[in-house]
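# Summary of structural features
Listed below are the residues making up each chain.
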Amino acid sequence: MFNTKLRLQNLLLLLAASLTLFIAGCKKDDEGTEQEQITKVIVHLTGTGGSTFNEEFEAEDPDGDGVWNTIPSLDIPANTTFNVHIHVYDGDEEIDAEIEEESNEHLFVYKVTGANLSIGELSTDGNGEPFGIDSKWTTGAASTGSVQIQLIHEPTDKNAVDPGGEVDFDVTFPVKVQ
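Given the structure is predicted, the values throughout are model-derived calculations rather than measurements.

## Here we look at the sheet that holds strand 3 (residues 74-76)
Taking strand neighbours across the sheet as the criterion, the four strands line up as 3-10-9-6 in an open arrangement whose pairing is mixed. The sheet terminates laterally at strand 3 and strand 6 (106-113), the two strands that pair on one side only. Strand-to-strand, the axes of this sheet are offset by a mean angle of 25°, without reference to chain direction. With three bridges joining them, strand 3 and strand 10 (residues 166-177) adopt parallel strand pairing. Within strand 10, the residue paired with Ile76 across the bridge is Val177.

Right under this line is the structure:
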């Protein structure tokens, strides 16, 4: 009898632990809603000041696991300024509007390495803090390098070098300024 009771207690304990892990394993935000699975990021560059450059560069992660299957090179003209918008997709659904509605809880972070490219004039959230779905990019002389783009969810400090928070996506595009 004691053995059966002990087995039943162990089984219930195992069931409770499994249920807890299952519930905790679902990726939810603070409001209990499911997070998006980012499958595509498009960098849309539009030249300013008389430039006719207007191109989109699409990185794809079809299963949303953070391993980008396709990342094109951003081949862009030298000595040019661009208005840039980042398009974000969950499957076939563009979710820019949803991210913009939650701009206080998101931050686009840009890190340029090697390329003669500067990024500034980030769009702001409802509190006047950096948001960055829209920005201005300026190229200098011909060069090569990369630009890393991250979308941070619930950053702890939007003005810090390391803003904290959870990374919704992280993709690095090769850059060729020509």
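## Quick word on the packing of aromatic side chains
Counted according to the given criterion, the structure contains five aromatic pairs. Ring centres 6.4 Å apart and planes at 80° place the aromatic pair Trp68 and Phe169 in the edge-to-face group. Here Trp68, found in the loop between strand 2 (54-60) and strand 3, pairs with Phe169, found in strand 10; they are 101 residues apart in sequence, far enough to count as distant. For Trp68, a relative accessible area of 14% gives the class buried. For Phe169, a relative accessible area of 3% translates into the label buried. Ring geometry for Phe108 against Phe131: centres 5.7 Å apart, planes inclined by 75°, an arrangement best described as edge-to-face. One end of the pair, Phe108, is in strand 6; the other, Phe131, is in the loop between strand 7 (117-120) and strand 8 (134-139), with 23 residues separating them in the sequence. Taken together, the aromatic side chains of Trp68, Phe108, Phe131 and Phe169 make up a single cluster linked through ring pairs. In this structure, Lys40 is placed above the aromatic ring of Tyr89, and the distance from its NZ or CZ to the ring centre is 4.4 Å.

Conventions used here
Residues numbered from 1 in each chain as written. Predicted model: local features only at pLDDT ≥ 70, side-chain atom pairs only at ≥ 80, totals over all residues. Heavy atoms only, no water. Pairing = 2+ DSSP bridges. Helix = DSSP H or I, 4+ residues; strand = E, 2+ residues; numbered from the N terminus. Axes fitted to C-alpha atoms, helices over the stretch in contact; angles between N-to-C directions. Phe/Tyr/Trp six-rings, centres within 6.5 Å; stacked < 30°, edge-to-face > 60°. Buried < 20%, exposed > 50% of the residue type's maximum accessible area, 1.4 Å probe, protein only. Lys NZ or Arg CZ within 6 Å of the ring centre and 35° of its normal.

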